[in-house]
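Commentary on secondary and tertiary structure
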Amino acid sequence: MQAVKLGEDDCGIVVSHSGKNRQTLKIAETLKQRKVPVIGITGYPDSPLASHSDITFVSLSDESNYRSEGMYSLIAQMTIIDTLFMMATVRMGPATEDTIQNVQNIIESTRS
C-alpha cells in the first residue's frame, strides 16, 4: 500500500533475505514503475531483489548452533536500516530534531 503512495522524491527500502520473495519483488517492481529509487537489503547480491534495486546492501550472516541463520540475518538487516536512518538524520540536521525527540519520548514512556 505504501509503494503506491511514494514518488520520485521518496526512497523505498525493500528487505528480503533470499531476495526472491514474490510479494517483496512486487513491491520493488511497483516502486520502480513509480520512479521511486529502491534500496534493497538482501543476503544474496545476485538475487532478483538486487537486480530491481538502485542500491543493494548485502546482509551476510553465518548459521550457528545457538541461533538460526534467520536471526543473524535479521540483526544484520536491522543494523543496515538503523545506519541508513542515522545517516539521513545527520544529513538533514535540525529538521529531524523534533522527530528524534518524539521517538526518544515514546521509548522512554515504555520503560519502568
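Structure first, text after, so check above.
Structural notes, computed from the coordinates. Note on numbering: residues in each chain are counted from 1, in written sequence order. pLDDT decides what is reported in this predicted model: residues at 70 or higher carry local features, side-chain atom pairs at 80 or more are listed and counted, and totals for whole chains, interfaces and linings draw on all residues regardless. Hydrogen atoms and water are omitted, and side-chain values are computed over all heavy atoms in the structure.

1. Things to note about the nonpolar core
- By size, the foremost hydrophobic cluster in this structure holds eight residues: Ala3, Val14, Leu25, Ala28, Leu31, Val36, Val38 and Leu49.
- Per element, the largest residue contribution to this core is three residues, and it comes from helix 1 (residues 22-33).
- If we ignore the near neighbours within four places in the chain, the residues touching Ala3 are Ile27, Thr30, Leu31 and Arg34. Here, the term nonpolar core denotes a set of buried Ala, Val, Leu, Ile, Met, Phe, Trp, Tyr and Cys residues that are joined through side-chain atoms within 4.5 Å. In this scheme, a residue with accessible area under 20% of its type's maximum is buried, one over 50% is exposed, and one in between is partly exposed, where area comes from a 1.4 Å probe on protein chains only. Working definition: helices are DSSP H or I runs of at least four residues, strands are E runs of at least two. Numbering for both runs from the N terminus. By definition, residues are in contact when any of their heavy atoms lie within 4.5 Å.

2. As for the sheet that holds strand 3 (residues 55-58)
- What makes two strands pair is DSSP finding at least two bridges between them. Pairing within the open sheet is parallel, and its three strands lie in the order 1-2-3. The outermost strands of the open sheet, each flanked by one partner alone, are strand 1 (12-15) and strand 3. Direction aside, the axes of adjacent strands within the sheet are offset by 20° on average.
- In terms of strand pairing, strand 1 meets strand 2 (residues 38-42) through four bridges, oriented parallel. In this analysis an axis means a line fitted to C-alpha atoms, helices contributing only their contacting stretch, and an angle means the value between N-to-C directions, from 0 to 180 degrees.

3. Re a nonpolar patch on the surface
- Residues Met71, Leu74, Ile75 and Met78 make up a contiguous nonpolar surface patch of roughly 350 Å² in combined accessible area.
- Judged by its relative accessible area of 38%, Ile75 is partly exposed. Note on patches: the residues involved have over 30% relative accessible area and no salt bridge, like charges join within 9 Å, and the nonpolar side chains Val, Leu, Ile, Met, Phe, Trp and Tyr join within 5 Å. What sets the accessible areas is the Shrake-Rupley method with a 1.4 Å probe; for residues, cover comes only from the shown protein chains. By definition here, a salt bridge exists when the distance from a side-chain nitrogen of Lys or Arg to a carboxyl oxygen of Asp or Glu is within 4 Å.

4. Section: the side chain of Ser47
- Turning to its location among the elements, Ser47 is positioned in the loop between strand 2 and helix 2 (48-52).
- What Ser47 contacts, discounting residues up to four positions off in sequence, is Ser18, Gly19 and Thr42.

5. Things to note about unusual backbone geometry
- In the Ramachandran plot, Lys35 falls in the positive-phi region, its phi being about 60° despite a non-glycine side chain.
- Here Lys35 lies in the loop between helix 1 and strand 2.

6. Points about the pattern of salt bridges
- Enumeration over the complete set of coordinates arrives at two salt bridges.
- Of the charged contacts, one joins Asp54 and Lys32 as a salt bridge, the two residues approaching to 2.7 Å between their closest N and O atoms. Separated by 22 residues along the polypeptide, Asp54 in the loop between helix 2 and strand 3 and Lys32 in helix 1 bring together distant segments of the chain.
- Taking relative accessible area as the criterion, Asp54 reaches 46% and is therefore assigned partly exposed.
- For Lys32, a relative accessible area of 33% translates into the label partly exposed.
- Between Glu108 and Arg111 there is a salt bridge, with the nearest N and O atoms lying 3.3 Å from each other.

7. Things to note about the pairing of strand 2
- Among the five residues that make up strand 2, five are buried, leaving the element largely enclosed by the rest of the structure.
- Here strand 2 shows no split at all, with Val38, Gly40 and Thr42 on one side and Ile39 and Ile41 on the other all buried.
- With strands facing away from the observer, any crossover in which the path from the first strand over the helix to the second runs clockwise is taken as right-handed. Once you follow strand 1 into helix 1 and on to strand 2, the crossover reads as right-handed.
- Both strand 2 and strand 3 contribute to a ladder of four bridges, which runs parallel. Note on strand 3: the bridge partner recorded for Ile41 is Phe57.

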